[in-house]
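The chain contents come next:
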Amino acid sequence: MAIFNLTRKINSLSMKHQRKRGNSAFLRRILISIVVILLFSIIPSFFVYTGFRDTITHGKAVVASYSAQNYDSLKSEVSATKVGLQRANFALNFLFWLKIIPFLGGYYSDIKGFSSAGVEELKALEKIIKIFEPEKIDLGFNGQPKGGPERMTQIIKILDRVQPYYGDIQKNLEMAAASVKNINTDKYPLKLKGKEIRKNLLLAKNFIVGAEIGITKGKDAVILAPNALGLQSPKTYLLLFQNDKEIRPTGGFITAYATLTLTNGQVSSSTSDDIYRLDEKLLATCLSKICPLTPPAPITKYLPEVTGKTRSAWSMRDSNISPDLPTSAKEFERMYELLGQGLPFDGIIYIDSQVVEELIEITGPIDVYDTKYSAEEDKRCSCPNVIYELESYAEIAAKGEQDRKAILGVLMQQILARTTGADIEKIPQFVETIVRLANHKHIMFFAHDQKLQQALSNLNWTGEIRGASVTKNYDGDYLHINDSNFAGGKSNLYVEQTVTQEIMTQKDGIVKKKITVEYKNPQPFGVWLNGINRDYVRFYVPLGSKLISSKGSEDEVVSSEDLGKTVFEAFIQVRPQNSRKLEMEYTVPYQPKGEYKLLIQKQPGAKDFEYKIKLNGRQVEDFKLDMDKEFKFPL
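Residues numbered from 1 in each chain as written. Predicted model: local features only at pLDDT ≥ 70, side-chain atom pairs only at ≥ 80, totals over all residues. Heavy atoms only, no water.

Caption draft 1: Expanded view of the overall build of the protein chain. Secondary structure summary: the protein chain contains 15 helices and 23 strands in total. Projected onto its principal axes, the C-alpha positions of the protein chain cover 135 × 70 × 50 Å. Placing the 83 positive and 74 negative side-chain charges of the protein chain at their respective mean positions leaves the two points 11 Å apart. (Helix = DSSP H or I, 4+ residues; strand = E, 2+ residues; numbered from the N terminus. Lys, Arg positive; Asp, Glu negative; His and termini not counted. Charge placed at Lys NZ, Arg CZ, Asp CG, Glu CD.)

Caption draft 2: Spatial organisation of the sheet that holds strand 23 (residues 629-634). Within the open sheet, the six strands sit side by side as 17-18-15-12-20-23. Their pairing is mixed. Sheet topology places strand 17 (558-562) and strand 23 at the edges, where each strand pairs with a single neighbour. Pairs of neighbouring strands in the sheet enclose a mean axial angle of 25 degrees, with direction left out of account. (Pairing = 2+ DSSP bridges. Axes fitted to C-alpha atoms, helices over the stretch in contact; angles between N-to-C directions.)

Caption draft 3: Focus on the state of the cysteines. All chains considered together, the criterion is met by two disulfides. Residue C286 pairs covalently with C291 via a disulfide, S to S 2.0 Å. Negative torsions about the S-S bond denote left-handed disulfides, and the value of about -100 degrees found for C286 with C291 makes this one left-handed. Note on cysteine connectivity: C381 is disulfide-linked to C383, with sulfurs 1.8 Å apart. Here the S-S torsion is close to -90 degrees, and the disulfide linking C381 with C383 is therefore left-handed. C381 sits in the buried class, given a relative accessible area of 3%. In this structure C383 comes out as buried when scored by relative accessible area, which is 6%. For the protein chain, the disulfide bridges join cysteines in the arrangement 1-2, 3-4, where the cysteines are counted in sequence order. (Disulfide = S-S within 2.5 Å. Buried < 20%, exposed > 50% of the residue type's maximum accessible area, 1.4 Å probe, protein only.)

Caption draft 4: Structural detail: the packing of helix 4 (residues 148-161) against helix 7 (residues 219-228). Orientation of helix 4 relative to helix 7, taken along the N-to-C sense of each, is 135 degrees, at an axis distance of 9 Å. When the axis of helix 4 is compared with that of helix 7, the two are oblique. Judged by the twist between their axes, the crossing of helix 4 over helix 7 is left-handed. On helix 7, the residues that touch I156, L159 and D160 of helix 4 are V222, A225 and P226. Split by residue class, the contact of helix 4 with helix 7 holds five nonpolar, no polar and one charged. (Parallel < 35°, antiparallel > 145°, perpendicular 65-115°, else oblique. Left-handed = near helix turned anticlockwise from the far one by under 90°. Contact = heavy atoms within 4.5 Å. Nonpolar A, V, L, I, M, F, W, Y, C, P; charged D, E, K, R; others polar.)

Caption draft 5: Quick look at the nonpolar core. Within the largest apolar cluster, 46 residues are counted, with the highest numbers of intra-cluster contacts made by I351, V356, I360, L411, I415 and I443. For I360, the contacting residues outside a window of four places in its chain are P365, I366, Y373, S374, A375, V386, L411 and I415. Among the nonpolar cores identified, the runner-up in size contains 35 residues, and L479, V517, M584 and V620 belong to it. (Core = buried A, V, L, I, M, F, W, Y, C linked by side-chain atoms within 4.5 Å.)

Caption draft 6: Quick look at the pattern of salt bridges. Scanning the model with the defined rule gives 33 salt bridges in all. Residues D555 and K301 are paired through a salt bridge, measuring 3.8 Å at the closest nitrogen-oxygen approach. Taken together, the residues D555 in the loop between strand 16 (546-551) and strand 17 and K301 in helix 9 (residues 297-302) connect sequence positions 254 residues apart. Relative accessible area serves as the criterion here: at 53%, K301 is assigned to the exposed category. Residue K513 is joined to D477 by a salt bridge in which the shortest nitrogen-to-oxygen separation is 2.9 Å. Separated by 36 residues along the polypeptide, K513 in strand 14 (residues 511-521) and D477 in strand 12 (residues 477-485) bring together distant segments of the chain. (Salt bridge = Lys/Arg side-chain N within 4 Å of Asp/Glu carboxyl O.)

Caption draft 7: Main features of the packing of helix 5 (residues 166-180) against helix 6 (residues 198-215). Remark: helix 5 packs on helix 6, axes separated minimally by 8 Å, with the N-to-C direction vectors making an angle of 140 degrees. Handedness of the helix 5/helix 6 crossing: left-handed. Contacts between helix 5 and helix 6 involve Y166, I169, Q170, L173, E174, A176, A177 and V180 on the former and, on the latter, K205, I208, V209, A211, E212 and I215.

Caption draft 8: Here's a closer look at the sheet that holds strand 22 (residues 618-624). Strand order in the open sheet formed by six strands is 16-19-14-13-21-22, and the pairing between neighbours is mixed. The open sheet has two edge strands with one neighbour each: strand 16 and strand 22. Taking each pair of neighbouring strands and ignoring which way they run, the sheet shows an average axis angle of 15 degrees. The pairing of strand 21 (residues 610-615) with strand 22 spans six bridges and is antiparallel. Bridge assignment links L615 to a residue of strand 22, and that residue is R618.

Caption draft 9: Quick peek at the confidence of the model for the protein chain. Residue-level pLDDT values for the protein chain average 89, and 92% of them are 70 or greater. Element-level pLDDT for the protein chain is lowest in helix 1 (residues 2-67), with a mean of 68, against a maximum mean of 98 in strand 11 (residues 443-447). (pLDDT = per-residue confidence, 0-100.)

Caption draft 10: Region of interest: helix 7. When helix 7 is considered as a whole, its buried residues turn out to be A221, A225, P226 and A228. Buried residues along helix 7 cover an arc of 160 degrees about the axis, so they all sit on one side. In this fold, the buried residues of helix 7 make contact with helix 4, strand 3 (235-243) and helix 15 (450-458). Backbone geometry just after helix 7 places G230 at a positive phi near 90 degrees. (Arc of directions from axis to C-beta.)

Caption draft 11: Focus on the pairing of strand 14. In this structure, strand 13 (residues 496-505) lies alongside strand 14, joined through ten bridges in antiparallel fashion. Across the sheet, T500 pairs through a bridge with T516, a residue of strand 14. Where strand 13 folds back on strand 14, the antiparallel hairpin that results is connected by five residues, among which G509 adopts a positive phi of roughly 90 degrees. Relative to strand 19 (residues 578-588), strand 14 is paired through eleven bridges, and the arrangement is antiparallel. Looking at strand 19, one finds that E518 is bridged to K581.

Caption draft 12: Structural detail: helix 2 (residues 71-92). For helix 2, which comprises 22 residues, the first-to-last C-alpha distance of 32 Å matches the rise-based estimate of 32 Å (1.5 Å per residue) to within 8%. The opening residue of helix 2 is N70, an N-cap whose side-chain oxygen sits 3.3 Å from the backbone nitrogen of D72. (Expected span 1.5 Å × (residues − 1). Polar contact = N/O pair within 3.5 Å; in protein donor to acceptor, adjacent residues only side chain to side chain.)

Caption draft 13: Looking closely at the packing of aromatic side chains. Following the criterion strictly, the structure yields 20 aromatic pairs and no others. A centroid spacing of 5.5 Å and a plane angle of 15 degrees characterise the contact between F132 and F141, whose relative ring orientation is stacked. For the pair shown, F132 and F141 are each scored as buried. Taken together through their ring pairs, the aromatic side chains of Y66, Y71, F132 and F141 make up a single cluster. The ring of Y107 carries the charged tip of K187 above its face, separated from the ring centre by 4.9 Å. Above the face of the Y478 ring, K565 is positioned so that its terminal group lies 4.4 Å from the ring centre. (Phe/Tyr/Trp six-rings, centres within 6.5 Å; stacked < 30°, edge-to-face > 60°. Lys NZ or Arg CZ within 6 Å of the ring centre and 35° of its normal.)

Caption draft 14: Quick look at unusual backbone geometry. With a phi close to 55 degrees, S382 is a non-glycine residue in the positive phi region. Mapped onto the fold, S382 is located in the loop between strand 9 (377-378) and strand 10 (383-384). A positive phi angle is found at N460, which is not glycine, with a value near 65 degrees.

Caption draft 15: Quick look at the environment of Q577. Here Q577 lies in the loop between strand 18 (565-574) and strand 19. Among the residues examined, Q577 registers a relative accessible area of 57% and is labelled exposed. Q577 sits 133 residues away from M444 along the chain, and the two C-alpha atoms are 33 Å apart. Non-local contacts of Q577, meaning those with residues more than four positions away in its chain, are made with N521, P522, Q523 and P524.

Structure (structure tokens):
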């Protein structure tokens, strides 16, 4: 019995000891868990917060230092901003485990991408500031704040001085672009607590990627930019406004023109008028001499005079019949030279209504001749107010009213003045907007300086049809659909398109394609805005393609050759609140090996229409064509 009691006591003591050991182990596990949480969550989060807080604080000080033209403060604040962001970026590394958490992981990766890119961008900026330190006084850093025009001149001078050092910052910009290029900003809300979220993230991404493109692919254009903006001597450019709501081959019906003279990046003078005034001068000149102005066949066939008679003369407003912008620009200049004034400009800049609309959205409403131009929706057209007013102006100009005012030059001059005089914080937004509009073919350039023209061509900012010149041919499949609204009002404001490509590769090596274009105009008839869209359509496809069949064209489809391509020409009419389909089936003289290469070139000025691609019965792409796109599909 005594032995039994002793055993019970021993077991009891043993169990108490085990419980103590268990409790001790449990406490240790809790303690370890707390330490792990501190190490991998709370502490890194604290440093992320303080790093971003300091980044914002010193970032604002950077802007203030530049506004005050205080070089020493600018230099130190850029460095402090970089240090703050580096601290946040380093701390984010300890939160790597967030990557594996569904939904949350994607947002973590985006934050990490932007912070890494920001560090590299600030490193590049720090290098640039150190580069021009010996010339800071010459560049105007004298502690005296500058107005918009003076600031523009300073920026151009800085751009010119740092050119020899682009190689020093190239790697930083490349690493920054690589950190953000795969970020999908569409998943973010448009606004949060009244603040723009998606738009600002897209702006930041585009600016970072654009900086890298500028220093690599666009390096030649950046080097030539200061001279092109009038740093060495004044430069004069002819600005042609193309009305994309009345689409034509290079982006729209040429409605108005303006001349802009740039000196040190500042607009020193400008004049403007509607295109009809210029054509009136041409007509008056040609009454006293023989002018070679025989209109091309499509204009004769599809673009009658207002009276209904066949058009007998070719005018500058219709000179952009070729979808290749350099070709059309040369045709415009040929007509202009008939005036006997030579070419008193250094090149032509083509813009459309999208450019004016987006810039006014940034600058805010502008008043010209007692008319307000704003980005607010106008119920008269269910479109931005500036679009309605520009279309109204185009209608007045077309009627030839004598008291019509030349608004384009005044409007553009005010937009440029607002742009250069805007707050420092808005400069990146202006730069990003201009670059994006050029990438999407709403702004295009034709420069007389061949080096500048080539540099802009490398950026695809010159509206060229690939293959129009031998040096830029394409060795795969190709498609460019070109619409011309001939006497169809401003109906392209409402007409939408969906393009489906069905590609079938045959065993005998022949490629068969079927292109279906569905046109829709959901809006009711709108007097001078929305009428019957009379559309002369051209399909540019690889040279040697053979038409098998077609449907939907009101005239017989004609095959021809132009710009190194085979062209299928058709004509349709799309009525308000109606739709039409146009189909082309043909063979392509292209034999893919291992992969199918396809280049699709967007028409300048066109909306971002929906495109679908099917390869051997399988849909491989569904996208909006907002710029030229190249695809490579495995076979």
